[in-house]
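Structural features, examined
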Amino acid sequence: MGYLGNHLATVVTGVFAAVLTGLWPYFVDFAPLLNFVFIMAVPITWFLTFTCWISQKSADYMHKYEIHENHSEKKSLSSSQTTQIYTSDGKQVSPTEIKVAQNELSGELNKLKESVKLKDSEIERLNQEISNLQTLVQIESLKTELANLKMLASKSKSKNK
């Protein structure tokens, strides 16, 4: 941030506005055109100084807010990783239970693979989803998807008979 706290543009514009304001009385009688230039330039440079100051204050405020949000988000993520995982109905789930569910789903998928000829990409996607499971909600949705595939497999077997 430096000594000026990111207000370098404000300071430079303010110094320029102050110099123009200070020089204006000396050049009033020098040329009428210069008086018009100063009448236009001095208010504009003070306006630019004010605009730079306001925009930097806004950026500083948003940056502090953003840092606070990121810090609290990281804090909540780290605390959720160290504590137990809870289901929507308030039951605790341990990582070992999730691993057991992953193994069960992998077994079911392998059985389904043998009974139904699915596309390899679909099976690979399901295997990838199983390995990435972290919550019971994801496990339940994948169980539903496997049940639907079993139902489709049984329908296709009954039609083929």
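Bear in mind that the values here come from a model prediction, so they are computed numbers and not experimental data.

Thresholds applied
Residues numbered from 1 in each chain as written. Predicted model: local features only at pLDDT ≥ 70, side-chain atom pairs only at ≥ 80, totals over all residues. Heavy atoms only, no water. Phe/Tyr/Trp six-rings, centres within 6.5 Å; stacked < 30°, edge-to-face > 60°. Helix = DSSP H or I, 4+ residues; strand = E, 2+ residues; numbered from the N terminus. Buried < 20%, exposed > 50% of the residue type's maximum accessible area, 1.4 Å probe, protein only. Contact = heavy atoms within 4.5 Å.

**Looking at the packing of aromatic side chains**
Within a pair of aromatic rings, the relevant descriptors are the distance that separates the centres and the angle that separates the planes. Within this structure, the stated rule accounts for 4 aromatic pairs. When the centroid spacing of 6.3 Å and the interplanar angle of 35 degrees are considered together, the rings of Phe 50 and Trp 53 count as tilted. Placement of the pair is Phe 50 and Trp 53 together in helix α2 (residues 32-82), with a separation of 3 residues, close to one helical turn. According to the relative accessible area criterion, Trp 53 is partly exposed, its value standing at 39%.

**Comments concerning the side chain of Gln 56**
By secondary structure assignment, the location of Gln 56 is in helix α2. Residue classification places Gln 56 among the buried positions, given a relative accessible area of 16%. If near-sequence neighbours (up to four positions away) are discounted, Gln 56 is found in contact with Gly 5, Asn 6 and His 7.

**A short note on the environment of Lys 57**
Along the chain, Lys 57 falls in helix α2. Separated by 51 residues in the primary sequence, Lys 57 and Asn 6 place their C-alpha atoms 9.5 Å from one another.

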